[in-house]
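Fold and contact review
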Amino acid sequence: MIGAFLIKPGTIEIRETITPEPKPGEVRVRLQKTGICGSDVHLFLGHRLLQNPVIIGHEGLGIVDKTGDGITTLQVGDRVAIEPNIPCMHCTWCRSGRGNICINKRVLRSE
């Protein structure tokens, strides 16, 4: 698999990396398109701290190419869009239908 790794602010390297295997409850997506969002831009510009090199471009679409144990709602070949932010569903914002600005959201990360 090829990834665009942000090494440090202003420095991106295209590298070959290991293709991950999905764990139970996960699917692997072969990306066809990906976008760079505001959080990626802030990392690139050095506005947010970067602990380790990270693959940027976490919002995308593609085809499920492998499923982990326990997946019943998706199958290989399904087209999907990735929204890596998981709202808490308990805060004021989530309860008002605005989970996109949840202050407690978790963010999915590739390893």
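Before reading on, note that the structure itself is shown above.
How each quantity is defined
Residues numbered from 1 in each chain as written. Predicted model: local features only at pLDDT ≥ 70, side-chain atom pairs only at ≥ 80, totals over all residues. Heavy atoms only, no water. Helix = DSSP H or I, 4+ residues; strand = E, 2+ residues; numbered from the N terminus. Buried < 20%, exposed > 50% of the residue type's maximum accessible area, 1.4 Å probe, protein only. Lys, Arg positive; Asp, Glu negative; His and termini not counted. Charge placed at Lys NZ, Arg CZ, Asp CG, Glu CD. Patch = residues over 30% accessible without salt bridge, like charges linked within 9 Å, V, L, I, M, F, W, Y side chains within 5 Å. Areas by Shrake-Rupley, 256 points an atom, 1.4 Å probe, with all protein chains shown as cover. Salt bridge = Lys/Arg side-chain N within 4 Å of Asp/Glu carboxyl O. Pairing = 2+ DSSP bridges. Axes fitted to C-alpha atoms, helices over the stretch in contact; angles between N-to-C directions. Polar contact = N/O pair within 3.5 Å; in protein donor to acceptor, adjacent residues only side chain to side chain. Contact = heavy atoms within 4.5 Å.

**Some words on the overall build of the chain**
When its secondary structure is counted, the chain shows 2 helices and 8 strands. When its helices and strands are written in sequence order, the chain yields β-β-β-α-β-β-β-β-α-β. Projected onto the principal axes, the alpha-carbon positions of the chain cover approximately 40 × 40 × 20 Å. By the burial criterion, 17% of the 111 residues in the chain qualify as buried. With 14 positive and 11 negative side-chain charges, the chain shows a spacing of 7 Å between the two charge centroids.

**Here we look at a nonpolar patch on the surface**
On the surface, a nonpolar cluster with roughly 670 Å² of combined accessible area is contributed by I2, I12, I14, I36, V41, F44 and L45. Counting residues per element, the ones that place at least two in the nonpolar patch are β2 (11-16) and α1 (38-45). Of all the elements, α1 adds the most residues to the nonpolar patch, at 3 residues. Within the fold, I14 resides in strand β2.

**Section: unusual backbone geometry**
Unusually for a residue other than glycine, M89 sits at a positive phi of about 70°. Relative to the assigned elements, M89 resides in the loop between β7 (85-86) and α2 (92-95).

**Here's the deal with the sheet that holds strand β6 (residues 79-81)**
Within a sheet, neighbouring strands are paired by backbone hydrogen bonds and run either parallel or antiparallel to one another. Spatial ordering of the open sheet is given by β3-β5-β6, a layout of 3 strands whose pairing is antiparallel. Strand pairing shows two members of the sheet lacking a second neighbour, β3 (27-35) and β6, which therefore form its edges. Across the sheet, the mean angle from the axis of one strand to that of its neighbour is 35°, orientation sign disregarded. As judged from the 8 bridges shared by β3 and strand β5 (residues 59-67), these two strands associate in the antiparallel manner. Within the sheet, the bridge partner assigned to K33 lies in β5 and is L61.

**Quick word on the side chain of R28**
Take R28: it is sitting in strand β3. Note on R28: relative accessible area 17%, which makes it buried. Engagement of the side chain of R28 in a polar contact is seen with the side chain of D65, the distance being 2.8 Å. Sequence-distant contacts of R28, that is, excluding residues within four places in its chain, are made with T19, P20, E21, P22, I63, V64, D65 and K66.

**Comments concerning the side chain of D40**
Counting through the fold element by element, D40 comes out in helix α1. The buried category is assigned to D40, whose relative accessible area is 3%. Polar side-chain contacts of D40 include one of 3.4 Å to the backbone nitrogen of G57. In contact with D40, not counting residues within four places along its chain, are G35, I56, G57 and H58.

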